[in-house]
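So the chains spell out like this:
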Amino acid sequence: MSGFSASWLALREPADRTARNAGLLDQLAGALAGRESLAIIDLGTGSGANVRALAPLLPGPQNWLLVDNDPLLLASAQGSAGMLRDRDGRPLAVRTVLHDLAQPGWQDALAAADLVTMSALLDLVSTDFIVRLARAAKGAAIHAALTVDGRMACLPDDPLDEAVFAAFRHHMQGDKGFGPSLGTNAAEAAVRHFEAGGYEVTLAPADWRVGDDQPELRAALLESWVEAVRETRLIDEADLLRWARRREVEAAGDSLEVRVGHVDLLALPR
Ligand SMILES: C[S@@+](CC[C@H](N)C(=O)[O-])C[C@H]1O[C@@H](n2cnc3c(N)ncnc32)[C@H](O)[C@@H]1O
């Protein structure tokens, strides 16, 4: 099990969908046009948000392989993907594989893929994962959506914000099951390794702006930041609690917007 709850993934999916970079998705659809069929692998598929976002935009027929180490999320992803249609209205062929992506073996399937995609995964992984991915996916397009890039803001701002954000960025580099995570350096590292592996890489913004229209996501985000920062012990607990309280009051008064910077990445073989 990975520790990502279905309820958190459901909460973030609408914000992710709005944030996904539409220009990059058009570019991806164009790059995959004209093939007889598409073999697509979704790494860290969770409950299937990435399949729901991509399948209707891409040509078909599409054969999806969904990979995750959480059996419940994977079952939910398979159920939902079974109801989707590709851009041309055809149903998808969907298989799942329960696999720990921190262990070898997952790369073998990549040789036959037209597209290797993932969303909200890259900032959890280590350099080693990216190096293996670049090597194994030769010939396939690589699409990594919604990688956190370290830009964070709360509006209005607060004197403790920068310390809170710095501690959170530090926490992102902890081990998320793959060894030390790349965290906010992930997209930059991916560009370097994919370019060295013969890819042309494009990065495009996919930022969240979470305000009064998504109060549950905003509350969950603030709570997760406080928990993560507390674990780092970089900020005095009383100061952290006072910051959290100020943010709660602003949120209750509908006067708080939380911004989280993400990037979407598309790597196409040269
Ligand atoms: C932030 S969630 C993103 C899920 C989905 N792609 C989305 O956008 O909603 C990260 C996903 O990666 C999976 N994951 C994390 N570590 C993993 C590992 N070592 N092996 C396989 N899957 C893993 C989690 O189970 C989770 O589904």
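See the structure shown above.
Structural notes, computed from the coordinates. (Residues numbered from 1 in each chain as written. Predicted model: local features only at pLDDT ≥ 70, side-chain atom pairs only at ≥ 80, totals over all residues. Heavy atoms only, no water.)

So, on to the pattern of salt bridges. This structure, assessed with the given rule, holds 18 salt bridges. A salt bridge links Arg90 to Asp88; the shortest N-O distance between them is 2.9 Å. The partly exposed category is assigned to Arg90, whose relative accessible area is 34%. In this structure, Glu250 and Arg247 form a salt bridge, with 2.6 Å as the shortest nitrogen-oxygen distance. Placement of the pair is Glu250 and Arg247 together in helix α9 (residues 237-252), with a separation of three residues, close to one helical turn. The burial state of Glu250 is the same as that of Arg247; both residues are buried. Taken together, the shared-partner salt bridges in this structure form one network comprising Asp86, Asp88 and Arg90. (Salt bridge = Lys/Arg side-chain N within 4 Å of Asp/Glu carboxyl O. Buried < 20%, exposed > 50% of the residue type's maximum accessible area, 1.4 Å probe, protein only. Helix = DSSP H or I, 4+ residues; strand = E, 2+ residues; numbered from the N terminus.)

Moving on: the nonpolar core. One finds Leu43, Val116, Met118, Phe129, Leu133 and Phe194 to be the most contacted residues of the largest nonpolar core, which totals 34 residues. Counting only elements with at least two residues in this core, the list comes to β1 (38-43), β2 (62-68), β4 (115-119), α5 (127-136), β5 (141-155), α7 (186-196), β6 (199-205) and β8 (257-269). With 31 residues, the next largest nonpolar core counts Leu221, Ala251, Leu256 and Val258 among its residues. (Core = buried A, V, L, I, M, F, W, Y, C linked by side-chain atoms within 4.5 Å.)

Turning to helix α2 (residues 22-32), a few remarks are in order. Considered for burial, the residues of α2 that qualify are Leu24, Leu25, Leu28, Ala29 and Leu32. Buried residues in α2, looked at end-on, bunch into an arc of 140°, giving them a common side. Against β1, α3 (49-54), β4, β5, β6 and β8 lie the buried residues of α2. One side-chain oxygen at the N-terminal end of α2 lies 3.2 Å from the backbone nitrogen of Gly23; it belongs to Asn21. The positive-phi residue at the C-terminal boundary of α2 is Gly34, with phi of around 85°. (Arc of directions from axis to C-beta. Contact = heavy atoms within 4.5 Å. Polar contact = N/O pair within 3.5 Å; in protein donor to acceptor, adjacent residues only side chain to side chain.)

With that out of the way, let us pick up the side chain of Asp158. Structurally, Asp158 can be placed in the loop between β5 and α6 (161-172). Exposure remark for Asp158: the relative accessible area of 9% places this residue in the buried category. There is a polar contact of 2.6 Å between the side chain of Asp158 and the side chain of Arg246. Discounting chain neighbours no more than four positions away, the residues touching Asp158 are Trp243, Arg246 and Arg247.

This paragraph deals with helix α4 (residues 71-81). Regarding α4, the residues found buried are Leu73, Leu74, Ala77, Ser80 and Ala81. Looking down the long axis of α4, one finds its buried residues gathered within 130° of arc, a one-sided arrangement. For α4, the elements touching its buried residues are α1 (6-19), α3, β2 and β3 (93-98). At the N-terminal boundary of α4, the capping side chain belongs to Asp70, with an oxygen 3.0 Å from the backbone nitrogen of Leu72.

The two faces of a sheet get side chains in turn, since along a regular strand they alternate between them. With six bridges joining them, β2 and β3 adopt parallel strand pairing. Residue pairing in the sheet places Leu65 in a bridge with Arg95 of β3. As a crossover connection, the stretch from β2 through α4 into β3 is right-handed. (Pairing = 2+ DSSP bridges. Right-handed = clockwise from strand over helix to strand, strands pointing away.)

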